[in-house]
Amino acid sequence: MVSYYLLMTLVDALTAVNEDDWQIAADIKDGNISQFLLKPIDYLWYRLCLFLSGRVTYVAVAAIPLALFIGYLHQYFVLPANGTAFGCFLLSTALTALLQFFMSYTMALLAFWVLEVSTFIFILYAFEYLASGHLFPLDILPRGLEQALYFTPFPYQLYFPVSIYMGKTAGADLARGLLIQAGWVIAAYFVARFAWRRGIKTLLGGWRLT
């Protein structure tokens with residue numbers, strides 16, 4: 001269990017969305033989004049670059065205390081079974097970061113239609129916290145409930161890459177899980193694109209009315 005929470009902390013540090021969704025919502029509510037409509041800049045990719053650079057900066061700053069933390073608990077830090085498992089873990093972690101970003105980005109775009117998005121963001125975070133394995137490993141749940149959660153994107157936001165590293169997911173389950181995770185990333189990307197297009201139409205329609 002200690003190994004699980006140690007790995008969960010590491011993956012969360014690499015993939016968590018912090019202030020990005022609030023900043024996106026603020027850009028929309030404050031009207032700052034208009035400047036991106038006048039420039040040859042794709043707002044989604046702009047925000048994604050900010051998110052990734054923020055994660056790199058955070059990890060660089062936190063590298064020493066994180067290394068000390070891991071070193072102190074090194075007896076619980078078990079290396080993956082083989083190089084393939086480690087490579088799949090890194091791939092899954094990258095997909096986890098993208099999935100978290102696209103879902104948070106889409107949720108923030110609700111600011112095109114509602115004045116306050118904090119309730120929706122907190123609801124999403126609550127589901128993520130419970131169903132992604134942040135609070136506890138999902139394999140302690142009843143088998144039926146655990147399997148039901150895999151029909152949602154939440155396990156692929158944290159638990160899945162950790163389960164790969166710990167050897168709980170391997171073989172055909174690993175390959176299938178990576179494909180499903182990639183599918184969720186692609187779906188979240190297209191939903192984000194759709195929400196953006198609809199939001200911009202709503203925004204431009206409001207400008208015409210005024």
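Definitions and limits used
Residues numbered from 1 in each chain as written. Predicted model: local features only at pLDDT ≥ 70, side-chain atom pairs only at ≥ 80, totals over all residues. Heavy atoms only, no water. Core = buried A, V, L, I, M, F, W, Y, C linked by side-chain atoms within 4.5 Å. Buried < 20%, exposed > 50% of the residue type's maximum accessible area, 1.4 Å probe, protein only. Helix = DSSP H or I, 4+ residues; strand = E, 2+ residues; numbered from the N terminus. pLDDT = per-residue confidence, 0-100. Expected span 1.5 Å × (residues − 1). Contact = heavy atoms within 4.5 Å. Axes fitted to C-alpha atoms, helices over the stretch in contact; angles between N-to-C directions. Left-handed = near helix turned anticlockwise from the far one by under 90°.

(A) Summary view of the nonpolar core. Membership of the largest hydrophobic core comes to 53 residues, with the highest contact counts inside it found for Tyr105, Leu109 and Trp196. Among the elements that line this core, the one with the most residues is helix H5 (residues 83-108), at 11 residues.

(B) Broad picture of the confidence of the model for the protein. For the protein, the average pLDDT comes to 86, and 97% of its residues sit at 70 or higher. Here helix H3 (residues 34-37) stands out as the least confident element of the protein, with mean pLDDT 82; H5 is the most confident, with 93.

(C) Main features of helix H1 (residues 2-15). Between its first and last C-alpha, H1 extends 20 Å over 14 residues, near the 20 Å set by a 1.5 Å rise per residue. Looking only at H1, the buried set comprises Ser3, Tyr4, Leu6, Leu7, Met8, Leu10, Val11, Ala13 and Thr15. For H1, the secondary structure elements touched by its buried residues are helix H4 (43-72), H5 and helix H8 (159-165).

(D) Molecular detail of the packing of helix H2 (residues 20-30) against H4. Between H2 and H4, the shortest axis-to-axis distance is 11 Å and the interhelical angle comes to 145°. Two packed elements cross with a definite hand, and for H2 against H4 that hand is right-handed. For the pair H2 and H4, contact is made by Asp20, Gln23, Ile24 and Asp27 and by Tyr43, Arg47, Leu50 and Phe51, respectively.

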